[in-house]
Each structure stands twice: as C-alpha cells, then as structure tokens.
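Chain by chain, the residues:
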Amino acid sequence: MGILEVQNVNKSFGGLKALQNVNLNIEEGTIHAIIGPNGAGKSTLLNCFVGKLVPDTGTVMFNGQSLLGIKPHEINQAGVSRVFQTPEIFTDLSVFENVLIPCFAKRDGSFKMNALNRVRNEVDIQEKAEQMLIDVNMIDKRDMIASSMSRGDKRRLEMAMCLAQDPKLLLLDEPTAGMARADTNNTIDLLSEIQDRRHITMAVIEHDMHVVFSLAQKISVLAQGTVIVEDLPENIKGHPKVQEAYLGGAH
Amino acid sequence: MNTFSKADKNTLLFVIIITMLAPFILNPFPEGSAMAQFNAGYPDLMQRFAIFGILAVGFNILFGLTGYLSFGHAAFLGVGSYSAVWMFKLLSMNIIPALILSVIIAGVFALVIGFISLRRSGIYFSILTLAFAQMSFSLAYSVLTPITNGETGLQITLNDPRILDGGTGAGNLPVTGLFGMEMRNTFTLDVGAWAFQFNVGYYVCAIFLILAFYLSMRIFRSPFGLMLRAIKTNQTRLNYTGLNSRPYTLAAFVISGMYAGLAGGLMASMDPLAGAERMQWTASGEIVLMTILGGAGTLLGPVLGAGFIKYFENIFSKINDNVLHTWFSFMPDGLENAIVWVLHFFVGKGWHLTLGMLFMLVVIFLPGGLMEGADRIRARFGRNKGDGDDTPNATTPAE
C-alpha cells in the first residue's frame, strides 16, 4: 500500500498527449525519484498531484483519499507540500515571516479570522519557526528580506517552509537546479537527514543523476508521457530502456 | 502585555498627540496676518482631515496589505452617508445609531461586492469594483430616488418622524449630537492674536480616527495581517501552503468597506446631508491617491496622504489672483503681473495641477510615498548620529 497511488492517469493539452496511462506507486517513508528527458511529462505529473492540473482520466489517491477536483490548499492541508522548480516564496517578507506563515497554516487551518491576536505573542509558533530555520541552517538570515537572498538560499527557505508543515508527502521539483556543486551536496545532505529523522515520504523530480542516485530508494523513468521503468536505483543505471529514452534509441 | 513594539507605541502616541492638539498645530499663524490663510485649524477642515484619515486607513487595510486595488471605495462612503441620514430622519439625531447603521450597511454592501469582485484579481478586480461603484452612483440618481432623494440629496426635514427624539414639525431643523453634545459646538480660545477653535464634531471624528488607527495597527501586527501581506507577495505559495486566499481577501475587503462606511457616517454626522456625488469615481480615485501619496502599506502614510490632499484642496484652492497680487505687490508691476500670471495656473482653481505634479514627483522619486521620504530623512539623521557613536575612539577629546 503506497502513500500515493496513481493509476492510469491521462492528460492531453490539445493534441499533445502529455501523460499516457501513468501508473505510479510511492511507498510511505521512501524517497522516490521521477526522472526522464525534457518534455517527458514530469512536471505535468507533479501538477496533477497538487491540484494545479486535473487529469483527463485516471485516479490519484493519497492515503486512500482521491486528490482529484480538490483545491490546492485543501491538498496541502491533507499533507502534501511542494517545492517548486523556481522558488515560490514570499519575496517581500522577511525570512522569519516566510516560515511563520506555514506554521500558522499548520496550526490554524486554511482560514482563521485572528485579526486581533498578535504575531509577537504566538510563542509556540515563533519557537517552531525558529527551530525550522536552525534545522536548515538559516537562522543567521532570520531578518533578511527573502527577495535579497541567493537562489540556493531561496530554495532552502522554501524547503524549510514546506517542512514547517510536517507534510506526509513532500514533492520536490528539481530541488538542485541551478545550484553550485557545494550547494547541491548540502541539499542532498539536508534531504537525507530529514528523511532519516522525520521519515517524510518524498517524490523528487531531478535531472542531476548524482542527486538521484544519492537519494532515491526507488526510481521511475518517464519518457513521452509514460512510465517506462520503475525499479530500484541499482537496476536503473544499466537498463536498456532507460538508455534508449535518454540517448534517443534506434530512431 | 507586550502588545506592540516600542516603535509602534510611539507611532500610536504620535497619532494621539497630533489629533488631540490639531487645533493648535494647524493654526500656527496669527489671525489677520498674511499667512493666516494657510491656517487649517477650523472645524470644517479638521473634521475632513479626520474623516478622510479614517477612510484612507481602512482603504490601506485592503490595498496596502493585500495589494487589491479597489476603485470603488467611494460607494461604501456614500452608502454610509445615506444610512446615517436615514437614521437621523427616522430614529434620532444622536450620531451613535447612525454610525452603527452606516458601518453595518457598508459592511453588507462590501460583502456582496467583494464576493463577486474578488473572483478576479489585478486590473479586473479594479474594473469590477469601479463598475459596482458607478452602478451605485447611477442608481442613486435614478431608480433609487425614493431612498436617496436623487439630485437634491438626502436631507433631514422638520416632518421626519424621529421616533426617539419626537419629531415636532415645528421650529428649527434639529442638529446632530452625541447625547446632547451638539456636533457644531465650538469653543474658541483666544491667545494673543491667535484664535484656536475646539469643535465637538472634530473631537468625535478624532477619537474615531484614533480607534480606527489602533484597530488597523492590531490588524497589521496580527497573523491575519501577515496572511494579507503574504497574499500581496505570492498567492501561489499561499495556496500551496494550505491557506485559502479568498476568505482572507474578502474579510479585508469587508473590513475596509466598514471603515469607509464609518467615514461616510461621520461625514453625515457633521453635516446631515448625503448626495450621490459622494460615490462618483473621482471620489474613489481620491482615496487611492491619498493612500499612494502617503505610502501604501505603511501605518501612518494613508493618514498623512489624506491630510495632505485635503489641505491642498481647501487651502491652495482659496488662493486667487487677488491674494497673489497682494503677495507680490512689492515687485515692479510688469514682473508682478508676470509672476501672478504663471502662478495663476497652480493655485485657486488650478490646485489640481499642483497636486497632480506633486503626485507625479512622489510616485517617481518616492515610490513608497511620503512615508518613504520621512524614512529617508530619518535614515540620514540616524546615520549621522550613528557615525558619531561609532567614532568616539578615533576623535580626540576636545577638553
């Protein structure tokens, strides 16, 4: 029984079949990588998990609950968090405020009319947010405005924001894209540490094979909208179908 | 309780002191002096400062925090005024029931308009609110004449029932009051050449302004306010953080509509008269202008902006050619006429030109409004002080 079960998902944009009969099963507590060449449908698939897109046919079940037709914020409240390809953070707010928001969202739900409370007096939320910043090693940047940070820091902040919600499933869309090698390695360490400590299930889309093979416990290879192989990392490397997908095959 | 930071407490204290001492502060020039026409310390204008301050503070909760630019806020102002006058006609000349009804009716209006308009964001939201406001304006002139009294405007008459006061149908028109204190009562304090006017109506407005400001401060510093700021910054992230932006924006819209309703009610309380022109799009535009000029998203900015625009409207517009001629009478005739001819376009009826140019200057050079200007000045002084603090080791003692 997987935490996320995707069955026969199809999605077309006009004449383009972006996803064809995609089946995917993400086991609880694992890091599952989804790889594939550009245009294979990886991001489309992820968008179907978070409510940004609705598949034409098929089912997406999370913890036994269908995610189809549910709004993004409801999916998130159910326990699915997402790190985007380009960091989506609250750029005008301080780093600390960025982390406060998911902490409030976790505690208070999708809407609470608490216009007369004071952020200053929410001690438990403040402590949680601070701890989160310590965990991702950003406490020294606490009062910086988020937009003034480097791309790598923005990503780490976004990860901290997602983790602050204690998600059951964390979706990461190319978490190391555009990062320097050192930052990439830091991210790998951070993710595996989180996985060790909190047992959060993760689905990672990634191009960087170094990242994929350092983290993933299972890998699905997507090509032209279908999952061509789903297997353990050691079996993926030399798999003829995978090589064909990446190198263009016999065409 | 550690409610606010020290800076916030100081800001609140600043507002309280300024509003309470406004009759002195706005009246710096002695009566009869050439500068006396720059005095703004008369009841009418001071009331307007406070009322438009409330309006701008409320507008800022929507625009400053969430970034949703409503171009129809004058509709709530008008609705508030009509509600208040109806209360004066039907119930009593006491302003309290009038203000309560103004706020409630404006809130209901805001709920309906917001519910529909907030389905869209950006320019489409602005257009929708503008459409609703213009619709209210046109309806007030046409179909709704039985309620609004059309072009004449809604007024109190001697024949009104006024069930609590017992309308008599004889004597003079009653005046608005607060448990017997008449809004128009003014106490004049003569100190030397100065005449300071303390008006009951102004102080009522000022107290509401302080309360409105305090509430807005609480909202700014609350988790709710944090979410509103998050909406302005990145709605996508907010939705993927498990928060539903719609109820937040709607709540902000209703709160800010209620502020406008209160302002409209106060306007009618100072002068029991409500006309449809209060809802026209130019009035909505003025609110936007005030907020941006002062500094959208800052606590104090909108109040400053409101004061600034109202000052210009009432003071600059009164400077006519005759006044200009007396100012420049020391010059040779030709030069005097030339200068008056040039300045003629900027004062009197031309005050809009001056305001427009000032607005452009502020938007171009101080995108954060007057508050940004104040911050820059403070930063400059602060830095000088900082340098002084940092360098005592380097400087040799003077003695």
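Cut-offs applied
- Residues numbered from 1 in each chain as written.
- Chains lettered and ligands numbered in written order.
- Predicted model: local features only at pLDDT ≥ 70, side-chain atom pairs only at ≥ 80, totals over all residues.
- Heavy atoms only, no water.
- Salt bridge = Lys/Arg side-chain N within 4 Å of Asp/Glu carboxyl O.
- Helix = DSSP H or I, 4+ residues; strand = E, 2+ residues; numbered from the N terminus.
- Phe/Tyr/Trp six-rings, centres within 6.5 Å; stacked < 30°, edge-to-face > 60°.
- Buried < 20%, exposed > 50% of the residue type's maximum accessible area, 1.4 Å probe, protein only.
- Contact = heavy atoms within 4.5 Å.
- Buried area = accessible area lost by both parts, 1.4 Å probe.
- Core = buried A, V, L, I, M, F, W, Y, C linked by side-chain atoms within 4.5 Å.
- Domains from an automatic or database assignment.
- Polar contact = N/O pair within 3.5 Å; in protein donor to acceptor, adjacent residues only side chain to side chain.
- Nonpolar A, V, L, I, M, F, W, Y, C, P; charged D, E, K, R; others polar.
- Pairing = 2+ DSSP bridges.
- Axes fitted to C-alpha atoms, helices over the stretch in contact; angles between N-to-C directions.
- Expected span 1.5 Å × (residues − 1).
- Arc of directions from axis to C-beta.
- Patch = residues over 30% accessible without salt bridge, like charges linked within 9 Å, V, L, I, M, F, W, Y side chains within 5 Å.
- Areas by Shrake-Rupley, 256 points an atom, 1.4 Å probe, with all protein chains shown as cover.
- Lys, Arg positive; Asp, Glu negative; His and termini not counted.
- Charge placed at Lys NZ, Arg CZ, Asp CG, Glu CD.

**Observations regarding the pattern of salt bridges**
A complete count under the given rule lists 28 salt bridges over all chains for this structure. Asp153 of chain A is the salt-bridge partner of Lys141 of chain A, the closest N and O atoms lying 3.4 Å from each other. Of the two residues, Lys141 of chain A is situated in the loop between helix 4 (123-135) and helix 5 (151-163) and Asp153 of chain A in helix 5; the sequence distance between them amounts to 12 residues. Between Glu372 of chain B and Arg376 of chain B there is a salt bridge, with the nearest N and O atoms lying 2.7 Å from each other. Of this pair, Glu372 of chain B and Arg376 of chain B both sit in helix 17 (residues 370-390), 4 residues apart, which is roughly one turn of that helix.

**Some remarks on the packing of aromatic side chains**
Inspection of the entire model under this criterion finds 17 aromatic pairs over all chains. Taken together, a centroid distance of 5.1 Å and an interplanar angle of 65° make the contact between Phe84 of chain A and Tyr240 of chain B edge-to-face. On the criterion of chain membership, the pair formed by Phe84 of chain A in the loop between strand 6 (80-83) and helix 3 (95-108) and Tyr240 of chain B in the loop between helix 10 (235-239) and helix 11 (245-270) is interchain, its members lying in two chains. For the pair formed by Phe84 of chain A and Tyr240 of chain B, the shared burial category is buried. Seen from their ring centres, Tyr68 of chain B and Phe125 of chain B are 5.0 Å apart, and the 90° between their planes marks the pair as edge-to-face. Placement of Tyr68 of chain B in the loop between helix 3 (43-66) and helix 4 (74-90) and of Phe125 of chain B in helix 6 (residues 122-141) is noted, with a sequence separation of 57 residues between them. The class of Tyr68 of chain B is buried, set by a relative accessible area of 9%. Given the relative accessible area of 0%, Phe125 of chain B is considered buried.

**Comments concerning the interface of chain B and chain A**
On the side of chain A, 39 residues touch chain B, which itself brings 31 residues to the contact. Of the roughly 3000 Å² buried between chain B and chain A on both sides combined, carbon and sulfur atoms contribute 62%. Viewed at the interface, chain A and chain B are joined by 2 salt bridges. For the salt bridge of Arg229 of chain B with Glu97 of chain A, the shortest nitrogen-to-oxygen distance reads 3.0 Å.

**A short note on the nonpolar core**
The biggest cluster of nonpolar side chains holds 155 residues, and the ones touching the most others in it are Val99, Ile101, Leu157 and Met202 of chain A together with Phe213 and Leu266 of chain B. Residue-level mapping places this core at the junction of two domains, with at least three residues from each of domain 1 (1-79 + 169-182 + 199-251) and domain 2 (85-166) of chain A. With near-sequence residues (within four places) excluded, Val99 of chain A lies in contact with Ala129, Met132, Leu133, Leu157, Met161 and Ala164 of chain A. Leu53, Leu169, Leu171 and Ala203 of chain A belong to the second largest nonpolar core, which has 30 residues in total.

**Observations regarding the domain arrangement of chain A**
All names here are of chain A. Assigned domains of chain A: these are domain 1 (1-79 + 169-182 + 199-251) and domain 2 (85-166). Taking only C-alpha atoms into account, the centre of domain 1 sits 27 Å from that of domain 2. Summing both partners gives a buried area of about 960 Å² for domain 1 against domain 2, and 56% of it is carried by carbon and sulfur. In terms of surface lost to domain 2, no three residues of domain 1 exceed Gln77, Leu170 and Met179, which account for 37% of the buried area on that side. Run the count over domain 1 and domain 2 and you get 0 salt bridges. Joining domain 1 to domain 2, the criterion identifies 4 residue pairs in polar contact (both at pLDDT 80 or more). Elements represented by at least two residues in the side of domain 1 that touches domain 2 include exactly helix 2 (72-78) and strand 7 (169-173). Class assignment of the residues belonging to the side of domain 1 that touches domain 2 gives a composition of 6 nonpolar, 4 polar and 2 charged.

**Remarks on the sheet that holds strand 8 (residues 201-205) of chain A**
All names here are of chain A. With mixed pairing, the 6 strands of this open sheet are ordered in space as 6-7-8-3-9-10. Looking at which strands have only one partner, the edges of the open sheet turn out to be strand 6 and strand 10 (226-231). With strand direction ignored, the average angle separating the axes of adjacent strands in the sheet is 20°. Relative to the sheet, helix 1 (residues 42-50) contacts strand 3 (31-35), strand 6, strand 7, strand 8 and strand 9 (218-223), its axis offset from that of strand 7 by approximately 150°. Strand contacts of helix 5: strand 6 and strand 7, with the helix running at about 175° to strand 6, the strand carrying the most contacts.

**Description of helix 1 (residues 6-20) of chain B**
Residues and elements named next belong to chain B. In this model, helix 1 (15 residues) spans 21 Å end to end at C-alpha, consistent with the 21 Å of a helix rising 1.5 Å per residue. Three or more residues of helix 1 are buried, namely Asp8, Thr11, Leu12, Val15 and Thr19. Mapping the buried residues of helix 1 onto a view down its axis gives an arc of 95°, with all of them on the same face. On its buried face, helix 1 is in contact with helix 2 (22-25) and helix 8 (200-220).

**Remarks on a positive patch on the surface**
Among the surface-exposed residues, Lys71 of chain A together with Arg119, Arg120 and Arg246 of chain B lie close enough to one another that they form a single positively charged patch. When you line up the elements, Arg246 of chain B lands in helix 11.

**Let's talk about unusual backbone geometry**
Residues and elements named next belong to chain A. Its identity is not glycine, yet Asn8 carries a phi of approximately 50°, on the positive side. Mapped onto the secondary structure, Asn8 falls in strand 1 (residues 2-13). Assessed through its relative accessible area of 42%, Asn8 is described here as partly exposed. In this model, Asn137 sits at a positive phi of 65°, which is unusual for a non-glycine residue. With respect to the element layout, Asn137 can be found in the loop between helix 4 and helix 5. For Asn137, a relative accessible area of 56% corresponds to the exposed category.

**Here we look at the pairing of strand 10 of chain A**
All names here are of chain A. Bridge count between strand 9 and strand 10: 5 bridges; the pairing is antiparallel. Residue pairing for strand 10: Ile219 is matched across the bridge by Asp231. The turn linking strand 9 back onto strand 10 is made up of 2 residues, and Gln224 within it adopts a positive phi angle of 50°.

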